2 protein chains.
Amino acid sequence: MKRIDMNRRVLLATLAALPTVPALLTTAATVQAQASQLASWNDGPAKQAILDFVRSTTDRASPEFVRPEERIATFDQDGTLWVEHPMYSQMMYCLDRVPVLAAEKPALKDEEPFRTVLSGDREAIAKLTIPDLEKIIVATLTGMTAEEFDAEVKKWLASARHPRWNRLYTELTYQPMQEVMSYLRANGYKTFIVTGFGQDFVRVYSQQIYGIPPEQVVGSALATKYGYGKDGKPILIKEPKLMLNDNDAGKPEGIHLMIGRRPRVAFGNSTGDQQMLEYTGAGGGARLMMLVLHDDTQREYAYGPAQGLPDTKVGTFTQALYDEARKDGWTVISMKNDWKRIFAFD
Amino acid sequence: MKRIDMNRRVLLATLAALPTVPALLTTAATVQAQASQLASWNDGPAKQAILDFVRSTTDRASPEFVRPEERIATFDQDGTLWVEHPMYSQMMYCLDRVPVLAAEKPALKDEEPFRTVLSGDREAIAKLTIPDLEKIIVATLTGMTAEEFDAEVKKWLASARHPRWNRLYTELTYQPMQEVMSYLRANGYKTFIVTGFGQDFVRVYSQQIYGIPPEQVVGSALATKYGYGKDGKPILIKEPKLMLNDNDAGKPEGIHLMIGRRPRVAFGNSTGDQQMLEYTGAGGGARLMMLVLHDDTQREYAYGPAQGLPDTKVGTFTQALYDEARKDGWTVISMKNDWKRIFAFD
């Protein structure tokens with residue numbers, strides 16, 4: 001017991017004297033050991049790009065060494081970290097909230113687009129326009145306190161299931177991407193989600209599902225309004241006013257607003273991520289830009305005109321994006337070829 | 001050597017298995033040892049409130065224990081972490097930029113309020129109205145890239161000096177507050193600056209001066225616009241459009257946007273911090289709300305009608321704020337009585 005106490009004291013003293021844990025972990029031997037964390041990746045150029053980048057930016061002897069405090073890695077969510085088909089999960093949430101809302105405000109039952117949603121007619125719902133969807137988003141995501149919203153999302157996540165796998169949405173994260181995030185964190189990178197969808201939504205589960213705390217989630221954001229409830233207690237009400245549209249050019253703008261530094265690493269899967277990857281790449285020094293290509297109908301989905309596949313308007317991987325990736329040295333990840341397995345339950 | 005390697009491996013393995021370093025550090029003995037970190041505080045109710053709060057929220061046996069991931073502490077900057085008299089340092093920066101700007105755009109020399117600033121007439125400058133100051137802010141903080149702005153601020157900070165102490169502004173942080181932030185961090189709290197002034201400005205020096213990384217600085221924010229420079233490279237240009245006014249009700253709103261959790265700890269010094277403290281206090285469980293009262297003419301300044309002192313319109317500590325503090329159990333820190341020394345160089 002004495003011996004253990006000694007070690008513990010040594011450990012505490014050592015920790016107290018150290019600036020950060022990651023700095024400790026960046027010896028070459030450790031990096032090699034951690035590379036086994038990418039267990040769901042097949043050997044190939046994508047896996048190699050990740051290993052090479054981490055080695056060159058964490059080895060103090062490397063000319064491309066990056067100081068620990070500058071190790072910022074950003075990840076798009078839908079289609080990059082988890083399934084986005086047949087519809088973004090937050091949009092599913094909004095649609096599922098419509099009946100609850102209609103029970104509270106019966107007048108909505110006769111009002112479009114709510115009537116269509118309530119009809120349950122899948123074909124008609126699939127044809128809703130962007131302004132229709134925006135109306136649904138505003139109606140279902142605003143007018144409540146921040147805490148009420150959190151509680152509703154938690155409840156939904158605990159029961160809503162994806163139609164294809166009949167699993168909770170939170171089970172449908174890509175295991176290889178979970179491994180990349182862990183691997184980067186083990187090498188001193190701070191991981192951020194930069195999502196085009198609502199940051200308040202993702203923040204509800206980001207810690208539990210990705211190990212990413214709420215304050216490291218950047219996303220589209222509605223304003224909140226500070227005020228006092230009936231009991232005089234301070235509350236924040238979610239307002240129908242867009243503060244931040246975190247898509248396309250909004251991604252680097254959102255990164256500047258919320259993180260304040262240019263990323264070293266950026267992962268995406270669609271044209272909505274293009275500017276984030278461009279901005280990351282323009283920073284000089286070693287940078288890692290990667291795009292997930294959905295080309296695996298068997299195990300997940302295949303879509304995007306870059307592969308001559310149908311453009312589903314969800315997570316569009318265009319030919320222009322593919323060309324830019326080749327020109328700028330971004331690495332395209334083939335789900336089919338680069339990923340040994342897709343989900344943890346595979 | 002063998003022995004050391006063994007320990008090193010044990011250390012690494014132990015670290016890898018642990019969720020966070022702070023969790024390790026929260027034994028009662030460690031907390032006691034760390035209390036000596038508050039060396040610049042006199043014994044008294046303010047110091048005691050900090051010690052009691054940390055003890056009760058980090059002791060697993062305490063009914064008020066707070067899980068490490070929820071340990072969020074927010075700090076106003078001007079007047080709370082460093083000197084705000086006779087003028088906010090960022091306002092000094094903006095005024096100092098006017099001659100540079102006028103050299104680039106000579107037409108400004110005949111335009112108010114720039115003409116007044118260029119005259120160097122201190123009395124006239126002190127009488128500039130809020131709209132005048134806003135014009136100066138917009139002219140000096142926008143129209144350049146994010147990197148150009150960073151470089152300008154760095155240059156200014158390296159040379160601009162406070163008229164009273166003839167020291168760099170970055171030397172004028174309050175040593176007792178530096179100690180509180182370190183003490184909280186050593187106990188697993190994540191520290192954030194929540195400033196009414198510009199977050200881009202504070203982010204330039206927050207890591208070096210406070211040990212707080214840019215992504216943990218929340219403040220008033222101008223929009224940026226993503227585009228491409230003459231060389232085709234992606235750039236972010238600072239725009240004359242206010243995204244976030246991080247004062248008063250804007251503080252809890254900014255905290256929700258940027259952090260996404262309610263703080264456990266909030267320090268401020270003026271009516272601009274009132275809503276942040278109210279919001280923090282309304283969260284239930286153990287919370288620590290503290291206000292710095294400037295009542296020390298000898299070593300710093302004394303101002304604020306709460307003490308029958310002149311209202312300087314900078315960092316106003318009103319009687320109403322003082323009354324709310326007493327009613328809601330917030331602790332008022334007397335610089336004169338609670339702080340053994342004010343600055344590191346004292």
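Note that the structure is predicted; figures quoted are calculated from it, not measured.

What counts and how
- Residues numbered from 1 in each chain as written.
- Chains lettered and ligands numbered in written order.
- Predicted model: local features only at pLDDT ≥ 70, side-chain atom pairs only at ≥ 80, totals over all residues.
- Heavy atoms only, no water.
- Helix = DSSP H or I, 4+ residues; strand = E, 2+ residues; numbered from the N terminus.
- Buried < 20%, exposed > 50% of the residue type's maximum accessible area, 1.4 Å probe, protein only.
- Contact = heavy atoms within 4.5 Å.
- Areas by Shrake-Rupley, 256 points an atom, 1.4 Å probe, with all protein chains shown as cover.
- Core = buried A, V, L, I, M, F, W, Y, C linked by side-chain atoms within 4.5 Å.
- Phe/Tyr/Trp six-rings, centres within 6.5 Å; stacked < 30°, edge-to-face > 60°.
- Lys NZ or Arg CZ within 6 Å of the ring centre and 35° of its normal.
- Pairing = 2+ DSSP bridges.
- Axes fitted to C-alpha atoms, helices over the stretch in contact; angles between N-to-C directions.
- pLDDT = per-residue confidence, 0-100.
- Parallel < 35°, antiparallel > 145°, perpendicular 65-115°, else oblique.
- Nonpolar A, V, L, I, M, F, W, Y, C, P; charged D, E, K, R; others polar.
- Arc of directions from axis to C-beta.
- Salt bridge = Lys/Arg side-chain N within 4 Å of Asp/Glu carboxyl O.
- Expected span 1.5 Å × (residues − 1).

**Student:** Any details on the overall build of chain A? Residues and values, ideally.
**Tutor:** Helix and strand counts for chain A stand at 16 helices and seven strands. Within chain A, the proportion of its 346 residues that are buried is 55%. The contacts in chain A between residues at least 6 apart in sequence include a share of 65% that link residues at least 24 apart. For chain A, the exposed area adds up to about 14,900 Å²; of that, 54% sits on carbon and sulfur atoms.

**Student:** Residues and numbers for the nonpolar core, please.
**Tutor:** The biggest cluster of nonpolar side chains holds 68 residues, and the ones touching the most others in it are Trp41, Phe75, Ile136, Met177, Tyr210, Phe267 and Trp339 of chain A. Among residues more than four places away in sequence, those in contact with tryptophan 41 of chain A are Ala46, Lys47, Ile50, Pro176, Met177, Glu179, Val180, Ile333, Asp338, Trp339 and Lys340 of chain A.

**Student:** Kindly report on the packing of aromatic side chains, identifying the contributing residues and their values.
**Tutor:** Given two aromatic rings, their pairing is described by the distance between the two centres and the angle made by the two planes. All names here are of chain A. The tally for this structure, following the rule as stated, stands at 38 aromatic pairs over all chains. Ring geometry for tyrosine 226 versus tyrosine 228: centroids 5.4 Å apart, planes at 80 degrees, classification edge-to-face. On the basis of relative accessibility, which here comes to 9%, the residue tyrosine 226 falls in the buried class. Ring-pair connections join several aromatic residues into one group, and the members of that group are Trp82, Tyr93, Phe149, Trp156, Tyr169, Phe201, Tyr205 and Tyr210. The ring of phenylalanine 345 is capped by arginine 167, whose NZ or CZ atom sits 3.8 Å from the centre of that ring.

**Student:** Lay out the environment of glycine 219 of chain A with the relevant residues and their values.
**Tutor:** Residues and elements named next belong to chain A. Following the sequence through the fold, glycine 219 ends up in strand E3 (residues 217–228). Given the relative accessible area of 0%, glycine 219 is considered buried. On a C-alpha basis, the gap between glycine 219 and asparagine 247 in space is 8.3 Å, while along the polypeptide they are 28 residues apart. The contact partners of glycine 219, leaving out residues within four places of it in the chain, are Thr195, Phe197, Gln199, Leu244 and Asp246.

**Student:** Requested: an account of the sheet that holds strand E1 (residues 72–75) of chain B, with residues and values cited.
**Tutor:** As summarised here, the arrangement of the seven strands in space is E4-E3-E2-E1-E5-E6-E7 (chain B), forming an open sheet in which the pairing is mixed. Edge positions in the sheet fall to strand E4 (234–244) and strand E7 (331–334) of chain B, since each of these pairs with one other strand and no more. Between one strand axis and the next, the sheet turns through 35 degrees on average, direction left out of account. Sheet analysis places E1 of chain B next to strand E5 (residues 265–268) of chain B, joined by three bridges and oriented parallel. Paired with alanine 73 of chain B across the two strands is valine 265 of chain B, which belongs to E5 of chain B. Strands strand E3 (217–228) and E4 of chain B of the sheet are contacted by helix H13 (residues 250–258) of chain A, whose axis makes an angle of about 155 degrees with E3 of chain B. Of the strands in this sheet, E1, strand E2 (190–198), E5 and strand E6 (288–293) of chain B touch helix H14 (residues 274–281) of chain B, which is tilted by about 160 degrees from E5 of chain B.

**Student:** Any details on the confidence of the model for chain A? Residues and values, ideally.
**Tutor:** Atom-level detail of predicted coordinates should not be read off regions where pLDDT is low. All names here are of chain A. With 89% of its residues at a pLDDT of at least 70, chain A reaches an overall mean of 89. Counting interchain partners and residues more than four positions distant, the pLDDT-below-50 stretch residues 1–26 has 30 contacts. Across the interfaces of the predicted complex, the ipTM metric reaches 0.89, alongside a pTM of 0.90.

**Student:** Before we move on, could you go through the packing of helix H13 (residues 250–258) of chain B against H14 of chain B and cite the residues and values that matter?
**Tutor:** All names here are of chain B. Two elements in contact, H13 and H14, have axes separated by 7 Å at closest approach and are oriented at 60 degrees. Relative to H14, the element H13 is oriented oblique. Residues Lys251, Pro252 and Ile255 of H13 form the contact with H14, whose own contacting residues are Gln275, Met276 and Tyr279. Looking at the contact of H13 with H14 residue by residue, the class counts come to four nonpolar, one polar and one charged.

**Student:** Which residues make up helix H15 (residues 319–328) of chain A, and what values go with them?
**Tutor:** Owing to its 3.6 residues per turn, the α-helix aligns residues three or four sequence positions apart on the same side. Residues and elements named next belong to chain A. For H15, the complete set of buried residues consists of Leu321, Glu324 and Ala325. Down the axis of H15, the smallest arc covering the buried residues is 105 degrees, so these residues share one side. Exposed side of H15, more than 90 degrees from the buried face: Ala320, Arg326 and Lys327 are the residues found there.

**Student:** Before we move on, could you go through the packing of helix H5 (residues 89–104) of chain B against helix H9 (residues 146–157) of chain B and cite the residues and values that matter?
**Tutor:** Residue and element names in this part refer to chain B. Packing of H5 against H9 leaves a shortest axis separation of 11 Å and a crossing angle of 100 degrees. Our classification of the angle between H5 and H9 gives roughly perpendicular. The residues of H9 that touch H5, namely those facing Ser89, Met92, Tyr93, Asp96 and Arg97, are Phe149, Glu152, Val153 and Trp156. Broken down by class, the residue content of the contact of H5 with H9 amounts to five nonpolar, one polar and three charged.

**Student:** Please provide a residue-by-residue account of unusual backbone geometry, values included.
**Tutor:** Residues and elements named next belong to chain A. A cis amide bond, omega 0 degrees, links histidine 85 with the succeeding residue proline 86. Structurally, proline 86 can be placed in the loop between strand E1 (72–75) and helix H5 (89–104). The linkage connecting glutamate 112 with the following residue, proline 113, adopts the cis geometry, with an omega of 0 degrees. Mapped onto the secondary structure, proline 113 falls in the loop between H5 and helix H6 (114–119). A positive phi angle is found at aspartate 248, which is not glycine, with a value near 55 degrees.

**Student:** Please provide a residue-by-residue account of the environment of proline 213 of chain A, values included.
**Tutor:** With respect to the helices and strands, proline 213 of chain A occurs in the loop between helix H12 (206–210) and E3. Separated by 119 residues in the primary sequence, proline 213 of chain A and valine 332 of chain A place their C-alpha atoms 28 Å from one another. With residues up to four places along the chain from it excluded, the contact list for proline 213 of chain A reads Ser206 and Gln207 of chain A together with Lys190 and Arg261 of chain B.

**Student:** Can you lay out the pairing of E3 of chain B for me, pointing to particular residues and giving the numbers?
**Tutor:** All names here are of chain B. Counting buried positions along E3 gives ten out of twelve residues, so the element sits mostly inside the fold. As judged from the seven bridges shared by E3 and E4, these two strands associate in the antiparallel manner. Counterpart to leucine 222 in the pairing with E4 is leucine 242. Taking the residues between adjacent antiparallel strands as the criterion, E3 and E4 are bridged by five residues, where glycine 232 takes a positive phi near 85 degrees.

**Student:** Lay out the pattern of salt bridges with the relevant residues and their values.
**Tutor:** Counted by the stated rule, this structure contains 32 salt bridges over all chains. Two residues, glutamate 171 of chain B and arginine 167 of chain B, come together in a salt bridge whose shortest N-O distance is 2.9 Å. Residue classification places glutamate 171 of chain B among the partly exposed positions, given a relative accessible area of 30%. Three or more residues joined by partner-sharing salt bridges are found here, namely Arg67, Glu69 and Glu70 of chain A.

**Student:** Describe in detail H5 of chain B, supporting the description with residues and values.
**Tutor:** For H5 of chain B, spanning 16 residues, the distance from its first C-alpha to its last is 23 Å, which sits close to the expected 22 Å at 1.5 Å a residue. Those residues of H5 of chain B lying buried are Ser89, Gln90, Met91, Tyr93, Cys94, Leu95, Arg97, Val98, Leu101 and Ala102 of chain B.

**Student:** For the sheet that holds E3 of chain A, give the residues involved together with the corresponding values.
**Tutor:** In space, the seven strands of this open sheet follow the order E4-E3-E2-E1-E5-E6-E7 (chain A), with mixed pairing throughout. What marks the edges here is a single partner per strand, and that holds for strand E4 (234–244) and strand E7 (331–334) of chain A. Strand-to-strand, the axes of this sheet are offset by a mean angle of 35 degrees, without reference to chain direction. Strands E3 and E4 of chain A of the sheet are contacted by H13 of chain B, whose axis makes an angle of about 155 degrees with E3 of chain A.

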